[in-house]
Every structure is written in C-alpha cells, then in structure tokens.
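Coordinates in review
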Amino acid sequence: RAPCSCAGAQVDELLFARSSPGVVELDPASLAAHVLGGGGEQRGRADGGGPAALWVVLFYSSRCSMSRMAVPLFEMAAAEAYARLGLDPATGLPAAAAAAAKVKAGAGAGAASEGMSGNGGGGSGPPALRFGAFGCGLHGTARHDAKTRGMAGAFSDPSCRQLGILETPTLLALEAPAGGA
C-alpha cells in the first residue's frame, strides 16, 4: 500500500493563521508570555481578583486529520461564546469595556497588547475570555523535527511537551497572568 500523502504545504501550515479575530494563532513566545505567564507560572490579576484572562486553547498538529476537522468547530464555538456573552472578539472583554480600552489606549499598539493579555492586568472587572490555537511541531526546531519524524516529531515541541500534550487535538482552559507581557 502507498502511504497517505498530503501536499507539503497542507501538513506544514498554521491552521488558524487566517482565522477570524476571535481565535488567536499563538506562537511559542505569545503562548508563554500571554497565556502561561513566562515560565509556565500562572498568576491572578494585580488586584487579587482572579485571572486576567481565561484562555481556551486548542493544541493541534496540521498533520493530524482530526485537528484539521476541529478548525471550523473551534471557530464556531468561539464566535458563539463571544456573541452569547456580549464580548468583543478582538479583546475578549465586554463590548463596552473593550471600546473604552481602545479609546484609552488611543487605538494604537496598546490596544493590541491589551487584546492579548486580557483586561490589561488590572481592574476589578471580569476576566477576558480568549480563544487561541497552538500548532505543535510548527515552530522553531520542533518544525524541523516534525518534518523529519512526522507526527511523532510534533510532540517533541517544547511548548506542547511542557503541558503534557500527547495527542492532538487537545483542548485546554488556562488562566492567564495579570498584565501579560
């Protein structure tokens, strides 16, 4: 039998790179800084009132057909959650709070970083709700390993290994640190 083959571009791509604003394609730096709080440490908001953001993160491998099938379902779930809860998909905050944050930040670079880190790390409002996706074996040296070893190489990704990801797709809910990075 001939082995299953997919076009190289299909198995070596970020599946959420062109996703709606409600799902953020995370790279190792943004996963560590905005979701895990640096070295995997999870902290609460600066006011002690809980997490700055709650992240629902889908860990996937573009080589995995189940991961590829999960993309539209995850995007639909994110859109539905934002709509039902009245949240701004770009920030994960209530629509009024998101608009105020954009005005306060001058709709510049500060608004983009607040969108990643939740509620800006302070205040007593509810934590932001964010949806993210991380491609195991699609970044740095792990990408080369996945190209040479296939699916087994995807699980050598340091970020996925740190979280104990042994199969894809895997869905985790994570509390983000105060303030992000």
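Residues numbered from 1 in each chain as written. Predicted model: local features only at pLDDT ≥ 70, side-chain atom pairs only at ≥ 80, totals over all residues. Heavy atoms only, no water.

A closer look at the overall build of the protein
Helix and strand content of the protein: 8 helices and 4 strands. Element order for the protein, N to C, with α for helix and β for strand: α-β-α-β-α-α-α-β-α-α-α-β. The proportion of buried residues among the 181 residues of the protein is 44%. Of the contacts made within the protein by residues no fewer than 6 positions apart, 75% connect residues no fewer than 24 positions apart. Surface summary for the protein: the accessible area is close to 8,800 Å², and the carbon and sulfur share equals 60%. (Helix = DSSP H or I, 4+ residues; strand = E, 2+ residues; numbered from the N terminus. Buried < 20%, exposed > 50% of the residue type's maximum accessible area, 1.4 Å probe, protein only. Contact = heavy atoms within 4.5 Å. Areas by Shrake-Rupley, 256 points an atom, 1.4 Å probe, with all protein chains shown as cover.)

Describing the confidence of the model for the protein
Taken as a whole, the protein shows an average pLDDT of 74; of its residues, 67% reach a score of 70 or greater. The low-confidence segment residues 39–46, where pLDDT is below 50, has 29 contacts with residues more than four positions distant or belonging to other chains. In this model residues 109–115 is a low-confidence stretch, pLDDT under 50, and it forms 9 contacts with partners more than four residues away in sequence or in other chains. (pLDDT = per-residue confidence, 0-100.)

Side note on the pattern of salt bridges
Evaluated as defined, the whole model comprises 1 salt bridge. Its salt-bridge partner being Arg84, residue Glu80 comes within 2.4 Å of it at the nearest N-O pair. Residue Glu80 and its partner Arg84 are both found in helix H3 (residues 65–85); the two are separated by 4 residues, about one turn of the helix. With relative accessibility at 68%, the residue Arg84 sits in the exposed group. (Salt bridge = Lys/Arg side-chain N within 4 Å of Asp/Glu carboxyl O.)

Some details on the packing of aromatic side chains
Here the structure, examined in full by the defined rule, presents 3 aromatic pairs. On the numbers, 6.0 Å between centres and 55° between planes, the contact of Phe59 with Phe134 is tilted. One end of the pair, Phe59, is in strand S2 (residues 53–60); the other, Phe134, is in strand S3 (residues 128–135), and 75 residues separate them in sequence. Judged by relative accessible area, which is 0%, Phe134 ranks as buried. By the ring-pair criterion, three or more aromatic residues cluster together here, those being Phe74, Tyr82 and Phe131. (Phe/Tyr/Trp six-rings, centres within 6.5 Å; stacked < 30°, edge-to-face > 60°.)

Here's the deal with the nonpolar core
Counting residues in each nonpolar core, the largest one holds 18 residues, and the members touching the most others are Leu26, Val35, Trp55 and Phe59. Secondary-structure elements contributing two or more residues to this core are strand S1 (23–26), helix H2 (28–36), S2, S3 and strand S4 (170–176). If one sorts the elements of this core by residue count, S2 sits on top with 4 residues. Counting 17 residues, the second largest nonpolar core, distinct from the first, contains Val56, Leu58, Ala81 and Ala133. (Core = buried A, V, L, I, M, F, W, Y, C linked by side-chain atoms within 4.5 Å.)

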